[in-house]
Amino acid sequence: MSLLKAEGLSLGYDSQAIIEDLSFTVNAGDYLCVVGENGSGKTTLIKTLLRLTKPLAGSISYGDGLLANEIGYLPQQTVVQRDFPASVKEIVYSGLQGRCGLRPRYTREEKELARENMERMGVTDFADKCYRELSGGQQQRVLLARALCAAEKILLLDEPVSGLDPVVTADMYSLIEKLNREGITIIMVSHDVIAAVRYASHILYIGNTVFFGTKEEFRKSDQGRRFLLLEEQMHG
(Lines give C-alpha, C1' and ligand atoms only; values in the text may rest on other atoms or scores of the structure.)
Protein backbone atom coordinates (compact mmCIF):
# COMPACT_ATOMS: atom_id res chain seq x y z
CA MET A 1 0.00 0.00 0.00
CA SER A 2 1.25 3.47 -0.90
CA LEU A 3 2.16 5.51 2.21
CA LEU A 4 3.59 8.49 0.39
CA LYS A 5 3.41 9.63 -3.22
CA ALA A 6 5.25 12.59 -4.74
CA GLU A 7 4.13 13.76 -8.17
CA GLY A 8 5.84 16.38 -10.36
CA LEU A 9 7.61 18.07 -7.45
CA SER A 10 9.64 21.21 -7.97
CA LEU A 11 11.62 22.13 -4.85
CA GLY A 12 13.65 25.19 -3.98
CA TYR A 13 13.64 28.61 -2.32
CA ASP A 14 12.34 32.04 -3.35
CA SER A 15 10.83 30.59 -6.55
CA GLN A 16 14.30 29.29 -7.54
CA ALA A 17 14.01 25.55 -8.24
CA ILE A 18 16.77 23.14 -7.17
CA ILE A 19 14.88 20.02 -8.32
CA GLU A 20 12.18 19.85 -10.98
CA ASP A 21 9.62 17.22 -11.95
CA LEU A 22 10.46 14.78 -9.14
CA SER A 23 8.09 11.81 -8.77
CA PHE A 24 8.38 8.73 -6.56
CA THR A 25 6.26 6.42 -4.41
CA VAL A 26 6.98 4.89 -1.01
CA ASN A 27 4.99 1.76 -0.20
CA ALA A 28 4.54 0.14 3.21
CA GLY A 29 7.65 -1.87 4.08
CA ASP A 30 9.94 -0.10 1.58
CA TYR A 31 13.49 0.94 2.43
CA LEU A 32 14.17 3.98 0.25
CA CYS A 33 17.63 5.55 0.12
CA VAL A 34 17.92 9.12 -1.19
CA VAL A 35 21.38 9.75 -2.66
CA GLY A 36 23.03 12.49 -4.71
CA GLU A 37 25.72 15.14 -4.71
CA ASN A 38 25.99 17.90 -2.11
CA GLY A 39 23.61 20.76 -2.88
CA SER A 40 21.37 18.55 -5.02
CA GLY A 41 18.32 19.21 -2.82
CA LYS A 42 18.20 16.21 -0.45
CA THR A 43 17.73 18.42 2.64
CA THR A 44 15.02 20.44 0.87
CA LEU A 45 13.22 17.21 0.04
CA ILE A 46 13.30 16.15 3.71
CA LYS A 47 11.83 19.49 4.81
CA THR A 48 9.11 19.15 2.18
CA LEU A 49 8.22 15.58 3.25
CA LEU A 50 7.94 16.84 6.85
CA ARG A 51 5.75 19.75 5.63
CA LEU A 52 8.24 22.31 6.91
CA THR A 53 8.50 23.78 3.41
CA LYS A 54 6.03 23.81 0.55
CA PRO A 55 6.92 22.56 -2.92
CA LEU A 56 7.13 25.20 -5.66
CA ALA A 57 5.01 22.87 -7.81
CA GLY A 58 3.60 19.37 -7.69
CA SER A 59 2.12 17.49 -4.76
CA ILE A 60 2.80 15.00 -1.97
CA SER A 61 -0.07 12.76 -0.90
CA TYR A 62 -0.13 10.48 2.14
CA GLY A 63 -1.97 7.15 2.09
CA ASP A 64 -3.20 4.58 4.63
CA GLY A 65 -4.30 7.37 7.00
CA LEU A 66 -0.72 8.62 7.49
CA LEU A 67 -0.33 12.11 8.96
CA ALA A 68 2.82 14.24 8.63
CA ASN A 69 3.33 14.21 12.43
CA GLU A 70 3.32 10.38 12.36
CA ILE A 71 6.64 10.33 10.50
CA GLY A 72 9.49 9.66 12.92
CA TYR A 73 12.44 11.92 12.11
CA LEU A 74 16.12 11.45 12.95
CA PRO A 75 17.91 14.67 11.93
CA GLN A 76 21.59 14.96 11.17
CA GLN A 77 23.27 15.81 14.46
CA THR A 78 25.09 19.08 15.06
CA VAL A 79 27.83 19.69 17.65
CA VAL A 80 25.34 21.67 19.79
CA GLN A 81 22.82 18.81 19.77
CA ARG A 82 25.49 16.29 20.82
CA ASP A 83 26.11 18.43 23.92
CA PHE A 84 22.43 18.65 24.92
CA PRO A 85 22.10 18.66 28.76
CA ALA A 86 19.09 16.37 29.24
CA SER A 87 18.69 12.78 30.40
CA VAL A 88 18.24 9.93 27.92
CA LYS A 89 14.70 9.35 29.22
CA GLU A 90 13.75 13.03 28.75
CA ILE A 91 14.98 12.99 25.15
CA VAL A 92 13.11 9.77 24.29
CA TYR A 93 9.94 11.09 25.98
CA SER A 94 10.09 14.23 23.84
CA GLY A 95 9.26 12.01 20.85
CA LEU A 96 5.80 11.50 22.39
CA GLN A 97 4.82 15.17 22.15
CA GLY A 98 3.04 14.78 18.82
CA ARG A 99 0.80 12.15 20.42
CA CYS A 100 -0.20 14.07 23.55
CA GLY A 101 -0.82 17.47 21.91
CA LEU A 102 -1.57 20.09 24.58
CA ARG A 103 -1.87 17.56 27.43
CA PRO A 104 0.71 18.44 30.13
CA ARG A 105 1.42 14.82 31.09
CA TYR A 106 2.12 11.58 29.24
CA THR A 107 -0.33 8.69 29.66
CA ARG A 108 0.70 5.31 31.06
CA GLU A 109 0.48 3.87 27.51
CA GLU A 110 2.77 6.60 26.15
CA LYS A 111 5.34 6.02 28.90
CA GLU A 112 5.21 2.29 28.18
CA LEU A 113 5.82 2.98 24.48
CA ALA A 114 8.90 5.05 25.40
CA ARG A 115 10.14 2.25 27.69
CA GLU A 116 9.65 -0.35 24.93
CA ASN A 117 11.55 1.77 22.40
CA MET A 118 14.43 2.37 24.82
CA GLU A 119 14.61 -1.39 25.33
CA ARG A 120 14.37 -1.98 21.59
CA MET A 121 17.35 0.33 21.00
CA GLY A 122 19.36 -1.04 23.93
CA VAL A 123 19.52 2.23 25.89
CA THR A 124 17.47 1.27 28.98
CA ASP A 125 20.56 0.80 31.18
CA PHE A 126 21.49 4.47 30.87
CA ALA A 127 17.98 5.98 30.84
CA ASP A 128 18.85 8.39 33.66
CA LYS A 129 22.29 9.28 32.31
CA CYS A 130 22.98 12.68 30.74
CA TYR A 131 22.77 12.51 26.94
CA ARG A 132 25.97 14.55 26.45
CA GLU A 133 27.97 11.86 28.33
CA LEU A 134 27.14 9.15 25.77
CA SER A 135 29.22 8.01 22.81
CA GLY A 136 28.15 8.99 19.28
CA GLY A 137 26.69 5.54 18.62
CA GLN A 138 24.74 5.55 21.90
CA GLN A 139 23.39 9.02 21.12
CA GLN A 140 22.11 7.82 17.73
CA ARG A 141 20.35 4.90 19.42
CA VAL A 142 18.67 7.34 21.84
CA LEU A 143 17.54 9.53 18.93
CA LEU A 144 16.22 6.46 17.10
CA ALA A 145 14.21 5.50 20.20
CA ARG A 146 12.85 9.07 20.25
CA ALA A 147 11.93 8.91 16.54
CA LEU A 148 10.20 5.54 17.08
CA CYS A 149 7.97 7.17 19.71
CA ALA A 150 6.72 9.55 17.02
CA ALA A 151 6.63 7.06 14.14
CA GLU A 152 3.44 5.22 13.34
CA LYS A 153 4.61 3.80 10.04
CA ILE A 154 7.61 5.71 8.59
CA LEU A 155 11.09 6.66 9.83
CA LEU A 156 12.89 9.47 8.00
CA LEU A 157 16.65 9.38 8.66
CA ASP A 158 19.06 12.14 7.62
CA GLU A 159 22.64 10.83 7.38
CA PRO A 160 22.20 8.56 10.45
CA VAL A 161 25.83 7.33 10.44
CA SER A 162 27.50 10.72 9.92
CA GLY A 163 30.60 11.04 12.14
CA LEU A 164 30.44 7.45 13.45
CA ASP A 165 33.38 5.06 13.26
CA PRO A 166 33.16 2.01 10.92
CA VAL A 167 32.18 -0.49 13.65
CA VAL A 168 29.40 1.73 15.03
CA THR A 169 28.31 2.56 11.46
CA ALA A 170 27.86 -1.14 10.65
CA ASP A 171 25.92 -1.58 13.92
CA MET A 172 23.62 1.35 13.05
CA TYR A 173 22.93 -0.01 9.55
CA SER A 174 22.06 -3.43 11.07
CA LEU A 175 19.71 -1.76 13.54
CA ILE A 176 17.91 0.17 10.77
CA GLU A 177 17.66 -2.98 8.64
CA LYS A 178 16.13 -4.85 11.62
CA LEU A 179 13.52 -2.09 12.10
CA ASN A 180 12.64 -2.35 8.41
CA ARG A 181 12.24 -6.15 8.70
CA GLU A 182 9.93 -5.54 11.68
CA GLY A 183 7.63 -3.58 9.36
CA ILE A 184 8.76 0.05 9.66
CA THR A 185 9.09 1.87 6.34
CA ILE A 186 12.46 3.63 6.03
CA ILE A 187 13.40 6.74 4.05
CA MET A 188 17.12 7.40 4.52
CA VAL A 189 19.22 10.24 3.10
CA SER A 190 22.81 9.09 2.69
CA HIS A 191 26.12 9.91 1.02
CA ASP A 192 27.06 6.23 1.24
CA VAL A 193 25.89 4.79 -2.07
CA ILE A 194 27.57 1.42 -1.45
CA ALA A 195 25.55 0.96 1.76
CA ALA A 196 22.41 2.27 0.04
CA VAL A 197 22.68 -0.42 -2.64
CA ARG A 198 23.40 -3.06 0.01
CA TYR A 199 20.50 -2.30 2.36
CA ALA A 200 17.78 -0.39 0.47
CA SER A 201 14.95 -1.83 -1.58
CA HIS A 202 14.64 1.37 -3.67
CA ILE A 203 16.94 4.26 -4.61
CA LEU A 204 16.04 7.88 -5.34
CA TYR A 205 19.01 9.60 -6.98
CA ILE A 206 18.91 13.39 -7.19
CA GLY A 207 21.40 15.29 -9.32
CA ASN A 208 21.53 16.79 -12.80
CA THR A 209 19.19 13.94 -13.65
CA VAL A 210 16.76 12.08 -11.41
CA PHE A 211 16.45 8.31 -10.99
CA PHE A 212 13.85 6.38 -9.00
CA GLY A 213 13.56 2.61 -8.98
CA THR A 214 14.68 -0.60 -7.29
CA LYS A 215 18.30 -1.00 -6.24
CA GLU A 216 18.75 -3.58 -9.02
CA GLU A 217 17.52 -1.03 -11.58
CA PHE A 218 19.82 1.61 -10.06
CA ARG A 219 22.88 -0.64 -10.46
CA LYS A 220 22.15 -0.89 -14.19
CA SER A 221 21.33 2.81 -14.69
CA ASP A 222 23.81 5.41 -15.99
CA GLN A 223 23.60 7.31 -12.68
CA GLY A 224 24.13 4.14 -10.64
CA ARG A 225 27.09 2.87 -12.65
CA ARG A 226 28.81 6.28 -12.53
CA PHE A 227 28.14 6.87 -8.84
CA LEU A 228 29.15 3.37 -7.72
CA LEU A 229 32.36 3.58 -9.73
CA LEU A 230 33.23 6.89 -8.05
CA GLU A 231 32.48 5.44 -4.60
CA GLU A 232 34.66 2.39 -5.27
CA GLN A 233 37.53 4.60 -6.46
CA MET A 234 37.24 6.80 -3.34
CA HIS A 235 37.17 3.84 -0.95
CA GLY A 236 39.28 1.45 -2.96
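The preceding data block contains the structure.
Numbers given to residues run from 1 along each chain, matching the order in which its sequence is written. Only residues with pLDDT of at least 70 get local features here, since the model is predicted, and only at 80 or more are side-chain atom pairs given and counted; chain-wide, interface and lining totals rely on the full set of residues. The basis for the side-chain values is all heavy atoms of the structure; hydrogens and waters are excluded.

Chemist: Could you clarify how one ought to interpret helix α7 (residues 166-181) in this entry?
Modeler: At 3.6 residues per turn, the α-helix brings residues three or four places apart onto the same side. For α7, spanning 16 residues, the distance from its first C-alpha to its last is 23 Å, which sits close to the expected 22 Å at 1.5 Å a residue. Burial status follows relative accessibility: with a 1.4 Å probe on protein chains alone, a residue under 20% of its type maximum counts as buried, one over 50% as exposed, and anything between as partly exposed. Note on conventions: DSSP H or I runs of at least 4 residues are helices, E runs of at least 2 residues are strands, and numbering of each starts at the N terminus. The set of residues buried in α7 consists of Thr169, Met172, Tyr173, Leu175, Ile176, Leu179 and Asn180. Buried residues of α7, seen end-on, are gathered within an arc of 160° and therefore sit on one face of the element. Along α7, exposed side chains directed more than 90 degrees from the buried face belong to Val167 and Arg181. Residues count as neighbours in contact if any of their non-hydrogen atoms are within 4.5 Å of one another. Residues of α7 that are buried in the fold lie against β3 (31-36), α5 (108-120), α6 (136-150), β6 (154-158), β7 (185-189) and α8 (193-199). Expected span, for any helix, means 1.5 Å times one less than how many residues it has. For this quantity, the arc is that covered by the directions from the helix axis to the C-beta atoms.

Chemist: Would you take a moment to explain the sheet that holds strand β1 (residues 2-13) for this structure?
Modeler: Pairing between sheet strands relies on hydrogen bonds along the backbone, with the strands arranged either parallel or antiparallel. One open sheet holds the three strands; their spatial order is β2-β1-β4, and the pairing between them is antiparallel. Looking at strand neighbours, the two that pair on one side only are β2 (16-27) and β4 (57-62), the edges of this open sheet. Sheet twist, expressed as the mean angle between neighbouring strand axes with direction ignored, is 15°. Fitted lines through C-alpha atoms serve as axes, helices being fitted only where they are in contact, and the angles separating the N-to-C directions of these axes extend from 0 to 180 degrees. Contacts from helix α1 (residues 42-49) reach β1, β2 and β4 within the one sheet, and its direction differs from that of β1 by about 125°. One bridge is not enough; two strands pair if DSSP finds at least two bridges between them.

Chemist: Whenever I open this one, the sheet that holds strand β9 (residues 210-214) confuses me. Can you help?
Modeler: Strand order in the open sheet formed by six strands is β5-β6-β7-β3-β8-β9, with mixed pairing between adjacent strands. Only two strands of the sheet have a single neighbouring strand rather than two, namely β5 (71-74) and β9. Across the sheet, the mean angle from the axis of one strand to that of its neighbour is 15°, orientation sign disregarded. Looking at chain direction, β5 and β6 are connected through four bridges and run parallel. Within β6, the position partnered with Leu74 by the bridge is Leu157. Where α1 meets the sheet, its contacts fall on β3, β5, β6, β7 and β8 (202-206), and the angle it forms with β3 comes to roughly 140°. In the packing of α7 onto the sheet, contacts are made with β3, β6 and β7, and the angle to β7 comes to roughly 150°.

Chemist: Which parts of the structure should I look at to understand the pattern of salt bridges?
Modeler: A side chain with one charge may pair with a side chain of the opposite charge, provided their charged atoms come close. Put simply, a salt bridge is a Lys or Arg side-chain nitrogen that is within 4 Å of an Asp or Glu carboxyl oxygen. Summed over all chains, the structure comprises eight salt bridges. Among the salt bridges present, the one from Glu177 reaches Arg181, with a minimum N-O distance of 3.8 Å. Here Glu177 and its partner Arg181 are both found in helix α7, four residues apart, which amounts to about one turn of the helix. Look at Glu177 and you get partly exposed, because its relative accessible area is 28%. Among the ionic contacts, a cluster of salt bridges with common partners joins Glu112, Arg115 and Glu119.

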